[in-house]
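Read off the chains here:
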Amino acid sequence: MELLGVIGNPIAHSLSPLMHNAAFKALKRDCNYQSILVEEAKLKDVIYQAQARGFTGLNVTIPFKEKVLPYLTDLTPVAKQVESVNTILFHDQEIIGHSTDGLGFIAAAESELALDFNQKQVLVVGAGGSARSIVAQLLENQAQVYITNRTLKRAENLLSLATKQQLKPIVIPLDYRELAQQIDKIDVIINTTSVGMDCSGNATPVSPALFRPHHIVIDIIYNPQETLFLKEAKSRGCKTQNGIGMLVWQAAKAWEFWWGYLPPIDIMYQAVTASLKT
Ligand code: ATR
């Protein structure tokens, strides 16, 4: 049996085992994917033990996406660029780190909304780890990126992601008047912050008065499935997408890295939506 798992802390609420095991079952693959709660002091040991036990790979979640970097022997170019790893492959004696978060975000928008980011004007709200992965891939897809964030300095830190050939991102202070000046030319608005998650369910990361009917509005939050941000966007005529797609597609892109092919995507979607309903 092939062994895989996700390491993080906390880990009990991760939907990864559910998604991956549902796909293995559908394909009758002899694989077991487990959630592994890791104390930070044991991070290195856990990775080396997984290698010694013959694990195929691991996923990595909060708070270890940057912390695993010292224990890896190699990084893919995208992981190197975003300095973050959510997928590990054990190959011979190598421990290779990859990041599928941004790739999963793009794949979800392409598949659910038929969205091509090339030359699109895209406003990214937030400048944390998720924003970093998403901005890197938006730039790769030749989008003109605008970044706004509560802490302006963090937004400015993302500017270095652009290479010489790419359109430089533009930083806008998280201020209604400043955003309103640019908003009509924006095609896509993406929330990458945690505002709207669980208990903060009645807040939005930017004022809903900024939404225009031509905007495509994406939230990477999947619980709740429809945040107030998306509800407000929908009520103003915008096309919307929630975070389930990114969750599923980042997992699918991990399969591509481990085995070179995609899992049954619909099975993964069903597993996630069924569990979120209960
Ligand atoms: P992740 O890896 O999930 O992106 P993170 O790196 O902690 O998590 O980033 C969280 C993002 O949500 C940041 O952009 C953060 O803004 P700051 O950089 O100013 O901290 C944003 N965020 C979290 N809570 C927020 C709030 N109440 N209002 C506005 N932005 C918030």
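Right, let's walk through the structure included here.

On to the environment of Asn157. Along the polypeptide, Asn157 turns up in helix α6 (residues 152-157). For Asn157, a relative accessible area of 40% translates into the label partly exposed. Sequence separation between Asn157 and Gly128 is 29 residues, and the spatial gap between their C-alpha atoms is 10.0 Å.

With that settled, the discussion passes to the side chain of Asn86. Assignment of secondary structure puts Asn86 in the loop between α3 (77-82) and β5 (87-91). Judged by its relative accessible area of 2%, Asn86 is buried. Within polar-contact distance, the side chain of Asn86 engages the backbone nitrogen of Thr100 at 2.8 Å. Asn86 has contacts with Leu58, Asn59, Val60, Lys65, His98, Ser99, Thr100, Asp101 and Gln250, leaving out every residue within four places of it along the chain.

Take the nonpolar core next. If you look at the biggest cluster of nonpolar residues, it comprises 29 residues, and the most contacted ones within it are Phe105, Phe117, Leu138, Ile190 and Ile218. Contributions of two or more residues to this core are made by α4 (101-113), β7 (121-125), α5 (129-140), β8 (144-148), β10 (188-191) and β11 (216-219). Here this core takes 6 residues from α5, the largest share from any one element. Ranked by size, the runner-up nonpolar core spans 28 residues in total, among them Leu15, Ile244, Leu247 and Met268.

Attention now moves to the pairing of β11. Judged by which residues are buried, β11 turns out to be covered on both faces: Ile216 and Ile218 on one side and Val217 and Asp219 on the other are all buried. With 3 bridges joining them, β11 and strand β12 (residues 239-241) adopt parallel strand pairing. Counted as the bridge partner of Ile218 is Gln241 from β12. Since β11 and β12 lie parallel, the crossover through helix α8 (residues 228-235) that links them has a hand, and here it is right-handed.

Attention now goes to the site of the ligand. Around the ligand, the neighbouring residues are Gly126, Ala127, Gly128, Gly129, Ser130, Asn149, Arg150, Thr151, Arg154, Thr193, Ser194 and Val195. Measuring from an oxygen atom of the ligand, one finds a side-chain N or O atom of Asn149 at 2.7 Å. Coverage of the ligand by the protein amounts to 66% of the 640 Å² it exposes when considered alone. Here the shell around the ligand is composed, by residue class, of 2 nonpolar, 8 polar and 2 charged.

Applying the stated criterion to the full structure yields 7 salt bridges. Here Lys67 ties to Glu40 by a salt bridge, and the two come within 3.7 Å at their closest N and O atoms. Of this pair, Lys67 sits in the loop between β3 (57-60) and β4 (74-75) while Glu40 is found in the loop between β2 (31-37) and α2 (43-52), placing the two residues 27 residues apart along the sequence. You can call Glu40 partly exposed: its relative accessible area is 48%. As a salt-bridge pair, Lys65 and Asp101 come within 2.9 Å of each other at their nearest N and O atoms. Placement of Lys65 in the loop between β3 and β4 and of Asp101 in helix α4 is noted, with a sequence separation of 36 residues between them. Neither Lys65 nor Asp101 differs from the other in exposure class; each is buried.

Thresholds, definitions, all that
- Every residue gets a number counted from 1 within its own chain, in the order that chain's sequence is written.
- This being a predicted model, a pLDDT of at least 70 is required before a residue's local features are given, and a value of 80 or more before pairs of side-chain atoms are given or counted; all residues contribute to the totals for chains, interfaces and linings.
- Water and hydrogen atoms play no part in the side-chain values, which are based on all heavy atoms of the structure.
- Helix and strand definitions here come from DSSP, where helices need a minimum of 4 consecutive H or I residues and strands a minimum of 2 consecutive E residues; each element is numbered from the N-terminal end.
- Buried, partly exposed and exposed residues are distinguished by accessible area as a fraction of the type maximum, computed with a 1.4 Å probe on protein chains only: under 20%, between the cut-offs, and over 50%, respectively.
- By the criterion applied in these results, polar contacts are pairs of N or O atoms within 3.5 Å in which, for protein atoms, one can donate a hydrogen and the other can accept it, and in which residues neighboring in sequence qualify only through two side-chain atoms.
- Throughout, a residue-residue contact means that at least one pair of heavy atoms, one from each residue, lies within 4.5 Å.
- The set of buried Ala, Val, Leu, Ile, Met, Phe, Trp, Tyr and Cys residues whose side-chain atoms join them within 4.5 Å is what this entry labels a nonpolar core.
- We call two strands paired when DSSP finds no fewer than two bridges between them.
- With the strands pointing away from the viewer, any crossover whose connection runs clockwise from the first strand over the helix to the second is right-handed.
- Working definition: residue near molecule or strand if any one of its non-hydrogen atoms lies within 4 Å of it.
- Using the Shrake-Rupley algorithm and a 1.4 Å probe, accessible areas are obtained, with residue cover drawn only from the displayed protein chains.
- Three classes are used, and their members are as follows: Ala, Val, Leu, Ile, Met, Phe, Trp, Tyr, Cys and Pro are nonpolar, Asp, Glu, Lys and Arg are charged, and the others, Gly among them, are polar.
- The term salt bridge refers to a side-chain nitrogen of Lys or Arg lying within 4 Å of a carboxyl oxygen of Asp or Glu.

Read these as layout, nothing more, since geometry by itself doesn't imply function.
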